[in-house]
Amino acid sequence: MATLGVNIDHVATLRQARYRGTPDPARGEPNPSHAVHVAELAGAECITMHLREDRRHVNDRDVRVCRDLCRVKFNLEMGATDEMVGIAGGLRPHMSTLVPEGREEVTTEGGLDVAGQRDRLTGVVATLRDAGVSASAFIDADERQIRAAADAGFEWCEVHTGPYAEAFMGAGGDLRDPALAAALSRVAAAGRLIIELGMRFNAGHALNYANVRPIAALPGVEELHIGHSIVSRAVYTGLHEAVATMRALIAG
Ligand code: PXP
């Protein structure tokens, strides 16, 4: 059964909507550290935070406090910059998921181009490994990228499920729809290749309560990384219920 990683960035995004520019935004609410605790109580097996270069949502103090509090797997999402690799070395999350970072994007928009910077990323993965951090590449369901990730020494690949989620919405969730079936089978094929090359298969991005089950049912998928839909639902139901409901859906 796949496990659930809860991405709590959106809690910080909400906090910043009110507290950006105030002297100590880390004291504002809602506080990501409270979300760590509630998500764990509700059964989350992993907590993810994305520390961006410009710190526009999550800041350094957030990741330090949450890393200290977290009793499950802690996954630091980050760009593959020297600064972030240094921070990961000090923080020692269990895993770092390397993502591309565009300054203007609201959230991560596409997979990392591993093939285009394989040599540099090989060094990044080795540095992280030496610091005791296992590296995950957030990539599109693309054979070339998956093979490059294996060559670079990544232990995990997280397949970008955004195109699948879009197709799901377009098809109204009808799995017989050719575009949706094709998008799902691309994620499945990516997962097979990841496992065949000796890496571990995760998936995430734009997964929600309607579209998660076909992805959770894919053979060999280990972790689903989900943020926006859980934090959005929490506005109505509370975070505990939102996490527990997602976890039950993943369990089938
Ligand atoms: N996985 C990665 C690598 C991401 O960058 C994000 C977005 O922060 C997620 C998963 C979660 O995506 P969403 O918020 O759409 O569930």
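Residues numbered from 1 in each chain as written. Predicted model: local features only at pLDDT ≥ 70, side-chain atom pairs only at ≥ 80, totals over all residues. Heavy atoms only, no water.

## A few points about the packing of aromatic side chains
Condition: When two rings of Phe, Tyr or Trp (its six-membered ring) have centres within 6.5 Å they constitute a pair, described as stacked for plane angles under 30 degrees, edge-to-face for angles over 60, and tilted for the intermediate range. In our convention, an over-ring charge means Lys NZ or Arg CZ found within 6 Å of a ring centre and within 35 degrees of that ring's normal.
Per the counting criterion, the structure on display carries 1 aromatic pair. Across from the ring centre of Trp156, 3.9 Å away, lies the NZ or CZ of Lys73, which sits over that ring. Here Arg233 stacks its cationic end above the ring of Tyr209, 4.0 Å away from the centre of that ring.

## Quick notes on the packing of helix α6 (residues 143–152) against helix α8 (residues 178–196)
To characterise two packed helices, one gives the angle between the axes of the helices and the distance between these axes. How we decide: Lines fitted to the C-alpha atoms define the axes, with helices restricted to the stretch that makes contact. Angles between their N-to-C directions range from 0 to 180 degrees. Runs of E in the DSSP output that reach at least two residues are strands. Runs of H or I that reach at least four are helices, and both are numbered from the N terminus. Any angle that falls under 35 degrees is termed roughly parallel, while one over 145 is termed roughly antiparallel, one within 65 to 115 roughly perpendicular, and all others oblique. By convention the crossing between two helices is left-handed if the near helix lies anticlockwise of the far one by an angle smaller than a right angle, and right-handed if it lies clockwise. A contact between two residues is defined here by any heavy atoms of the two lying within 4.5 Å.
Two numbers describe how α6 lies on α8: the axes approach to 10 Å, and their chain directions differ by 20 degrees. Relative to α8, the element α6 is oriented roughly parallel. For the crossing formed where α6 meets α8, the hand is right-handed. The segment α6 lies against α8, with Glu143, Ile146 and Arg147 engaging Ala190, Leu193 and Ile194.

## Remarks on the pairing of strand β2 (residues 46–50)
Operational definition: In this scheme, a residue with accessible area under 20% of its type's maximum is buried, one over 50% is exposed, and one in between is partly exposed, where area comes from a 1.4 Å probe on protein chains only. Only strands that DSSP links by at least two bridges are regarded as paired with each other. Crossovers are marked right-handed if the path from the first strand over the helix to the second runs clockwise, as seen with the strands pointing away from the viewer.
Taken across its 5 residues, β2 has 5 buried, putting it largely inside the fold. The pairing of strand β1 (residues 3–7) with β2 spans 3 bridges and is classified as parallel. Paired with Gly5 across the bridge in β2 is Cys46. Of the strand pairs in this sheet, β2 and strand β3 (residues 73–78) are connected by 5 bridges, and their pairing is parallel. Following the sheet pairing, Ile47 is matched in β3 by Phe74. Between the parallel pair β2 and β3, the chain is carried across by helix α3 (residues 60–69), and the sense of this crossover is right-handed.

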